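# Results of the structural survey
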Amino acid sequence: MNIVFMGTPDFSVPCLQALLDAGYPVTGVFTQPDKPKGRGYQLAPPPVKEFALTQNLPVFQPKTMRDAETLEQLKGCNPDLIVVVAYGKLLPKEVLDLPRRGCINVHASLLPKYRGAGPVQWSIINGEEETGVTTMYMAEALDTGDMLESASLKIGENETADELMERLSHLGAELLISTVKKAEEGTLKPVPQDEALSTYVSMLDKEMARLDFNKPAREVHNLIRGLSSWPCAYTFYQGKRLKVYHSKLSPMSGQPGELLDAKRFIVACRDGAVEFETVQYEGGKRMSGADFLRGKKPGDHEILG
(Lines give C-alpha, C1' and ligand atoms only; values in the text may rest on other atoms or scores of the structure.)
Protein backbone atom coordinates (compact mmCIF):
# COMPACT_ATOMS: atom_id res chain seq x y z
CA MET A 1 0.00 0.00 0.00
CA ASN A 2 1.69 3.17 -1.20
CA ILE A 3 1.57 6.05 1.29
CA VAL A 4 2.18 9.75 0.77
CA PHE A 5 3.10 11.52 3.99
CA MET A 6 2.37 15.19 4.65
CA GLY A 7 3.82 16.92 7.71
CA THR A 8 6.13 19.72 8.77
CA PRO A 9 7.25 20.14 12.44
CA ASP A 10 9.03 17.89 14.93
CA PHE A 11 5.65 16.55 16.04
CA SER A 12 5.22 14.87 12.63
CA VAL A 13 8.54 13.01 12.53
CA PRO A 14 7.71 10.05 14.85
CA CYS A 15 4.69 9.24 12.66
CA LEU A 16 6.81 9.14 9.50
CA GLN A 17 9.43 7.07 11.32
CA ALA A 18 6.73 4.64 12.50
CA LEU A 19 5.42 4.13 8.97
CA LEU A 20 8.91 3.30 7.72
CA ASP A 21 9.62 1.01 10.69
CA ALA A 22 6.37 -0.85 9.96
CA GLY A 23 7.52 -1.44 6.40
CA TYR A 24 5.06 0.76 4.57
CA PRO A 25 6.37 2.20 1.28
CA VAL A 26 6.35 5.99 1.53
CA THR A 27 6.42 7.15 -2.09
CA GLY A 28 6.51 10.88 -1.36
CA VAL A 29 6.84 13.37 1.49
CA PHE A 30 5.13 16.75 1.24
CA THR A 31 6.20 19.47 3.64
CA GLN A 32 6.23 23.25 3.95
CA PRO A 33 8.86 25.29 2.06
CA ASP A 34 12.12 26.18 3.82
CA LYS A 35 11.78 29.33 5.94
CA PRO A 36 14.21 31.98 7.22
CA LYS A 37 15.38 31.23 10.74
CA GLY A 38 17.69 32.70 13.37
CA ARG A 39 19.40 36.07 13.52
CA GLY A 40 20.89 35.66 10.07
CA TYR A 41 17.53 34.66 8.54
CA GLN A 42 19.15 31.79 6.69
CA LEU A 43 16.73 29.41 4.99
CA ALA A 44 16.20 26.34 7.17
CA PRO A 45 14.42 23.11 6.19
CA PRO A 46 11.47 21.89 8.30
CA PRO A 47 12.18 18.88 10.55
CA VAL A 48 10.18 16.49 8.34
CA LYS A 49 12.29 17.37 5.32
CA GLU A 50 15.51 16.88 7.28
CA PHE A 51 14.40 13.44 8.42
CA ALA A 52 12.98 12.40 5.04
CA LEU A 53 16.25 13.18 3.28
CA THR A 54 18.16 10.95 5.71
CA GLN A 55 15.83 8.14 4.62
CA ASN A 56 16.30 8.91 0.90
CA LEU A 57 12.63 9.71 0.46
CA PRO A 58 11.44 12.02 -2.33
CA VAL A 59 10.52 15.42 -0.85
CA PHE A 60 8.10 17.97 -2.30
CA GLN A 61 7.63 21.50 -0.94
CA PRO A 62 4.81 23.15 -2.88
CA LYS A 63 3.75 26.68 -1.98
CA THR A 64 0.13 25.68 -2.53
CA MET A 65 -1.87 22.46 -2.77
CA ARG A 66 -4.29 24.04 -5.22
CA ASP A 67 -2.41 24.05 -8.51
CA ALA A 68 -2.10 21.54 -11.34
CA GLU A 69 1.64 20.98 -10.83
CA THR A 70 1.18 19.86 -7.22
CA LEU A 71 -1.66 17.55 -8.17
CA GLU A 72 0.51 15.95 -10.86
CA GLN A 73 3.32 15.47 -8.32
CA LEU A 74 0.86 13.70 -6.05
CA LYS A 75 -0.45 11.50 -8.84
CA GLY A 76 3.14 10.57 -9.68
CA CYS A 77 3.51 9.17 -6.15
CA ASN A 78 0.55 6.85 -6.83
CA PRO A 79 -0.79 6.98 -3.25
CA ASP A 80 -3.24 4.42 -1.96
CA LEU A 81 -3.40 6.45 1.25
CA ILE A 82 -2.37 9.96 2.27
CA VAL A 83 -1.30 10.47 5.89
CA VAL A 84 -1.35 14.05 7.21
CA VAL A 85 0.30 15.04 10.51
CA ALA A 86 0.54 18.77 11.27
CA TYR A 87 1.20 19.68 7.64
CA GLY A 88 -0.10 23.22 7.97
CA LYS A 89 -2.06 23.41 4.71
CA LEU A 90 -5.69 22.64 3.92
CA LEU A 91 -6.16 20.01 1.22
CA PRO A 92 -8.61 20.72 -1.63
CA LYS A 93 -11.25 18.20 -2.68
CA GLU A 94 -9.26 16.94 -5.68
CA VAL A 95 -6.44 15.93 -3.33
CA LEU A 96 -8.76 14.41 -0.72
CA ASP A 97 -10.40 12.31 -3.46
CA LEU A 98 -7.13 11.10 -5.01
CA PRO A 99 -6.08 8.08 -2.85
CA ARG A 100 -8.37 5.07 -2.99
CA ARG A 101 -8.16 4.57 0.80
CA GLY A 102 -8.66 8.24 1.57
CA CYS A 103 -6.70 10.76 3.62
CA ILE A 104 -6.05 10.10 7.31
CA ASN A 105 -5.08 12.86 9.73
CA VAL A 106 -3.45 12.57 13.17
CA HIS A 107 -4.80 15.40 15.33
CA ALA A 108 -3.39 16.26 18.76
CA SER A 109 -6.62 16.41 20.73
CA LEU A 110 -9.55 14.25 21.71
CA LEU A 111 -11.94 15.33 19.00
CA PRO A 112 -14.38 16.92 18.62
CA LYS A 113 -12.79 19.16 21.30
CA TYR A 114 -9.94 21.47 20.30
CA ARG A 115 -10.29 21.54 16.55
CA GLY A 116 -7.96 23.97 14.80
CA ALA A 117 -4.47 25.29 15.48
CA GLY A 118 -2.57 24.90 18.73
CA PRO A 119 -4.71 22.21 20.43
CA VAL A 120 -1.86 21.12 22.70
CA GLN A 121 -1.09 24.63 23.90
CA TRP A 122 -4.74 25.49 24.43
CA SER A 123 -5.44 22.31 26.38
CA ILE A 124 -2.76 23.43 28.87
CA ILE A 125 -3.83 27.08 28.91
CA ASN A 126 -7.41 26.02 29.63
CA GLY A 127 -6.31 23.80 32.51
CA GLU A 128 -7.27 20.44 31.02
CA GLU A 129 -6.07 17.43 32.99
CA GLU A 130 -6.31 15.01 30.06
CA THR A 131 -5.76 15.17 26.31
CA GLY A 132 -4.78 12.78 23.55
CA VAL A 133 -4.66 12.12 19.83
CA THR A 134 -7.34 11.23 17.33
CA THR A 135 -7.04 9.74 13.86
CA MET A 136 -9.75 10.71 11.41
CA TYR A 137 -10.67 10.75 7.76
CA MET A 138 -10.11 14.21 6.37
CA ALA A 139 -12.94 16.38 5.07
CA GLU A 140 -12.90 19.75 3.32
CA ALA A 141 -13.75 21.65 6.51
CA LEU A 142 -11.06 21.93 9.22
CA ASP A 143 -10.86 18.89 11.55
CA THR A 144 -14.46 17.82 10.90
CA GLY A 145 -13.92 14.36 9.37
CA ASP A 146 -15.17 11.08 10.80
CA MET A 147 -13.13 9.83 13.75
CA LEU A 148 -11.30 6.52 13.47
CA GLU A 149 -9.35 5.86 16.69
CA SER A 150 -8.22 7.81 19.73
CA ALA A 151 -5.83 7.46 22.66
CA SER A 152 -5.55 9.62 25.76
CA LEU A 153 -3.02 10.56 28.43
CA LYS A 154 -2.88 12.68 31.58
CA ILE A 155 -1.31 16.14 31.52
CA GLY A 156 1.33 16.72 34.21
CA GLU A 157 0.88 19.46 36.81
CA ASN A 158 3.93 21.40 35.55
CA GLU A 159 4.19 19.95 32.05
CA THR A 160 4.85 22.48 29.29
CA ALA A 161 3.41 22.43 25.79
CA ASP A 162 6.76 21.27 24.36
CA GLU A 163 6.97 18.38 26.81
CA LEU A 164 3.37 17.35 26.19
CA MET A 165 3.83 17.66 22.42
CA GLU A 166 6.77 15.26 22.59
CA ARG A 167 4.72 12.64 24.43
CA LEU A 168 1.75 13.09 22.11
CA SER A 169 3.93 12.72 19.02
CA HIS A 170 4.89 9.18 20.06
CA LEU A 171 1.36 8.31 21.15
CA GLY A 172 0.18 9.56 17.77
CA ALA A 173 2.72 7.40 15.96
CA GLU A 174 1.47 4.28 17.74
CA LEU A 175 -2.14 5.16 16.99
CA LEU A 176 -1.36 5.90 13.36
CA ILE A 177 0.10 2.45 12.76
CA SER A 178 -2.98 0.84 14.34
CA THR A 179 -5.22 2.95 12.11
CA VAL A 180 -3.24 2.30 8.91
CA LYS A 181 -3.27 -1.46 9.53
CA LYS A 182 -7.05 -1.38 9.89
CA ALA A 183 -7.35 0.76 6.76
CA GLU A 184 -5.32 -1.86 4.89
CA GLU A 185 -7.55 -4.63 6.25
CA GLY A 186 -10.74 -2.71 5.58
CA THR A 187 -11.82 -2.93 9.24
CA LEU A 188 -12.00 0.76 10.19
CA LYS A 189 -15.28 1.93 11.69
CA PRO A 190 -15.59 5.69 11.16
CA VAL A 191 -17.66 7.61 13.71
CA PRO A 192 -19.10 11.06 12.84
CA GLN A 193 -18.12 13.86 15.20
CA ASP A 194 -20.81 15.27 17.45
CA GLU A 195 -21.06 18.91 16.40
CA ALA A 196 -22.77 19.80 19.68
CA LEU A 197 -19.55 18.88 21.52
CA SER A 198 -17.13 20.52 19.12
CA THR A 199 -14.84 23.40 20.10
CA TYR A 200 -12.43 25.41 17.96
CA VAL A 201 -9.25 27.09 19.15
CA SER A 202 -7.57 30.08 17.55
CA MET A 203 -3.93 30.45 16.60
CA LEU A 204 -1.57 31.66 19.32
CA ASP A 205 -0.34 35.23 19.14
CA LYS A 206 2.01 37.55 21.01
CA GLU A 207 -0.84 39.69 22.31
CA MET A 208 -1.91 36.96 24.73
CA ALA A 209 1.56 36.39 26.23
CA ARG A 210 1.78 39.16 28.85
CA LEU A 211 1.18 37.84 32.36
CA ASP A 212 -1.64 39.36 34.42
CA PHE A 213 -1.05 38.80 38.13
CA ASN A 214 -4.60 39.92 38.90
CA LYS A 215 -5.64 36.49 37.69
CA PRO A 216 -5.51 33.34 39.86
CA ALA A 217 -2.11 31.69 40.18
CA ARG A 218 -3.25 28.57 38.36
CA GLU A 219 -4.29 30.59 35.29
CA VAL A 220 -0.92 32.37 35.27
CA HIS A 221 0.90 29.06 35.66
CA ASN A 222 -1.12 27.47 32.86
CA LEU A 223 -0.38 30.35 30.48
CA ILE A 224 3.36 30.05 31.16
CA ARG A 225 3.23 26.31 30.48
CA GLY A 226 1.12 26.65 27.36
CA LEU A 227 3.24 29.38 25.75
CA SER A 228 6.63 27.98 26.82
CA SER A 229 7.91 27.49 23.27
CA TRP A 230 6.21 30.37 21.46
CA PRO A 231 5.44 33.19 21.92
CA CYS A 232 6.57 32.71 25.55
CA ALA A 233 4.81 34.36 28.49
CA TYR A 234 6.44 37.51 29.82
CA THR A 235 6.24 40.27 32.38
CA PHE A 236 8.37 43.33 33.18
CA TYR A 237 10.99 43.49 35.92
CA GLN A 238 12.75 46.75 36.71
CA GLY A 239 11.57 48.19 33.39
CA LYS A 240 12.77 45.37 31.12
CA ARG A 241 10.94 42.43 29.58
CA LEU A 242 11.36 39.14 31.38
CA LYS A 243 10.33 35.91 29.63
CA VAL A 244 9.16 33.02 31.79
CA TYR A 245 9.58 29.48 30.47
CA HIS A 246 8.85 27.27 33.47
CA SER A 247 6.94 27.79 36.69
CA LYS A 248 5.19 26.00 39.51
CA LEU A 249 2.48 26.94 41.98
CA SER A 250 3.32 28.29 45.42
CA PRO A 251 1.06 28.44 48.52
CA MET A 252 2.29 31.95 49.41
CA SER A 253 0.09 35.02 48.95
CA GLY A 254 0.37 38.80 48.71
CA GLN A 255 -0.42 41.81 46.54
CA PRO A 256 -0.77 40.81 42.84
CA GLY A 257 2.63 41.15 41.16
CA GLU A 258 4.55 41.40 44.45
CA LEU A 259 7.89 39.61 44.72
CA LEU A 260 7.35 37.43 47.79
CA ASP A 261 10.63 35.53 47.93
CA ALA A 262 13.79 37.23 46.65
CA LYS A 263 15.68 33.92 46.55
CA ARG A 264 13.16 31.62 44.88
CA PHE A 265 11.46 34.22 42.61
CA ILE A 266 7.93 33.73 43.91
CA VAL A 267 5.39 36.26 42.64
CA ALA A 268 1.93 36.83 44.13
CA CYS A 269 -1.23 36.54 42.04
CA ARG A 270 -4.84 37.36 42.85
CA ASP A 271 -5.19 33.96 44.45
CA GLY A 272 -1.95 32.24 45.47
CA ALA A 273 1.44 32.67 43.81
CA VAL A 274 3.75 31.25 41.15
CA GLU A 275 7.44 30.49 41.32
CA PHE A 276 9.42 31.35 38.20
CA GLU A 277 11.78 28.42 37.63
CA THR A 278 13.33 29.39 34.26
CA VAL A 279 13.51 32.96 32.94
CA GLN A 280 15.29 35.10 30.36
CA TYR A 281 15.88 38.81 30.82
CA GLU A 282 15.81 41.18 27.88
CA GLY A 283 19.16 40.85 26.10
CA GLY A 284 20.30 38.05 28.42
CA LYS A 285 20.54 34.28 28.55
CA ARG A 286 18.03 31.77 29.84
CA MET A 287 18.67 30.82 33.47
CA SER A 288 16.98 29.69 36.66
CA GLY A 289 14.82 32.19 38.49
CA ALA A 290 17.01 31.87 41.57
CA ASP A 291 20.20 32.63 39.62
CA PHE A 292 18.54 35.62 37.97
CA LEU A 293 17.54 37.18 41.31
CA ARG A 294 20.95 36.48 42.80
CA GLY A 295 22.42 38.85 40.25
CA LYS A 296 19.75 41.53 40.71
CA LYS A 297 19.61 41.90 44.51
CA PRO A 298 15.92 42.91 44.57
CA GLY A 299 14.48 45.29 47.11
CA ASP A 300 11.63 44.62 49.53
CA HIS A 301 8.13 44.16 48.09
CA GLU A 302 9.07 44.84 44.47
CA ILE A 303 6.16 44.74 42.02
CA LEU A 304 6.37 43.02 38.65
CA GLY A 305 4.25 43.66 35.61
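Below you will find a few notes about this structure.

Cut-offs applied
Residue numbers run consecutively from 1 along every chain, following the written order of its sequence. Only residues with pLDDT of at least 70 are given local features in this predicted model, and only at 80 or more are side-chain atom pairs given and counted; all residues enter the totals for whole chains, interfaces and linings. Working from all heavy atoms in the structure, the side-chain values ignore hydrogens and water. The working definition used for a salt bridge is a side-chain nitrogen of Lys or Arg within 4 Å of a carboxyl oxygen of Asp or Glu. In this text, helices come from DSSP runs of H or I with a minimum length of four residues, and strands from runs of E with a minimum of two, each type numbered from the N-terminal end. Working definition: with a 1.4 Å probe on protein chains only, accessible area under 20% of the residue-type maximum means buried, over 50% means exposed, and in between means partly exposed. Both site types are read off a 1 Å grid over the protein atoms alone. A 1.4 Å probe that fits but cannot get out defines a cavity, while an open set with protein on both sides within 12 Å along at least five of seven lines defines a pocket; lining residues have an atom within 4 Å of a point. Grid points are joined across faces, edges and corners, and a volume is the space filled by probe spheres set on the points. Working definition: the arc comes from the directions between the helix axis and the C-beta atoms, pointing outward to the latter. Here, two residues are considered to be in contact whenever any of their heavy atoms come within 4.5 Å of each other. Within 6.5 Å between ring centres, the rings of Phe, Tyr and Trp (the latter by its six-membered ring) count as paired, and their orientation is classed by plane angle as stacked under 30 degrees, edge-to-face over 60, tilted in between.

With that settled, the discussion passes to the pattern of salt bridges. Across all of its chains, the model carries 12 salt bridges by this definition. Its salt-bridge partner being lysine 75, residue glutamate 72 comes within 3.8 Å of it at the nearest N-O pair. Linking glutamate 72 with lysine 75, this pair stays in helix 3 (residues 68-76), spanning three residues, or about one helical turn. For glutamate 72, a relative accessible area of 49% gives the class partly exposed. The salt bridge partner of lysine 248 is glutamate 277, with a shortest N-O separation of 3.8 Å. Taken together, the positions of lysine 248 in strand 13 (residues 240-250) and glutamate 277 in strand 16 (residues 273-281) put the pair 29 residues apart, joining distant regions of the chain. Overall, the relative accessible area of 31% leaves lysine 248 in the partly exposed class.

Each pocket or cavity is described by its volume, and for the second largest pocket that value is around 410 Å³. Forming the boundary of the second largest pocket are 15 residues, of which Ser229, Trp230, Pro231, Cys232 and Lys243 lie nearest the centre. Sorting elements by how many residues they give to the lining of the second largest pocket places strand 13 first, with four residues.

Structurally, the α-helix is built with 3.6 residues per turn, so residues lying three or four positions apart point the same way. Where helix 3 is concerned, the buried positions are Thr70, Leu71 and Leu74. End-on, the buried residues of helix 3 take up no more than an arc of 100 degrees, which puts them together on one face. Residues of helix 3 that are exposed and point over 90 degrees away from its buried face: Ala68, Glu69 and Gly76. Residues of helix 3 that are buried in the fold lie against strand 1 (3-7), strand 2 (26-30), strand 6 (81-85) and helix 4 (93-96).

The description of an aromatic ring pair uses the distance of the two centres, along with the angle that the planes make with each other. In the structure shown here, the tally under the stated rule is nine aromatic pairs. For the pair phenylalanine 213 and phenylalanine 276, a centre-to-centre distance of 6.4 Å together with 35 degrees between the ring planes defines the contact as tilted. Here phenylalanine 213, found in the loop between strand 11 (200-201) and helix 7 (217-226), pairs with phenylalanine 276, found in strand 16; they are 63 residues apart in sequence, far enough to count as distant. Here phenylalanine 213 falls in the buried class, since its relative accessible area comes to 5%. The exposure class of phenylalanine 276 is buried, given its relative accessible area of 1%. By the ring-pair criterion, three or more aromatic residues cluster together here, those being Phe213, Tyr237, Phe265, Phe276, Tyr281 and Phe292.

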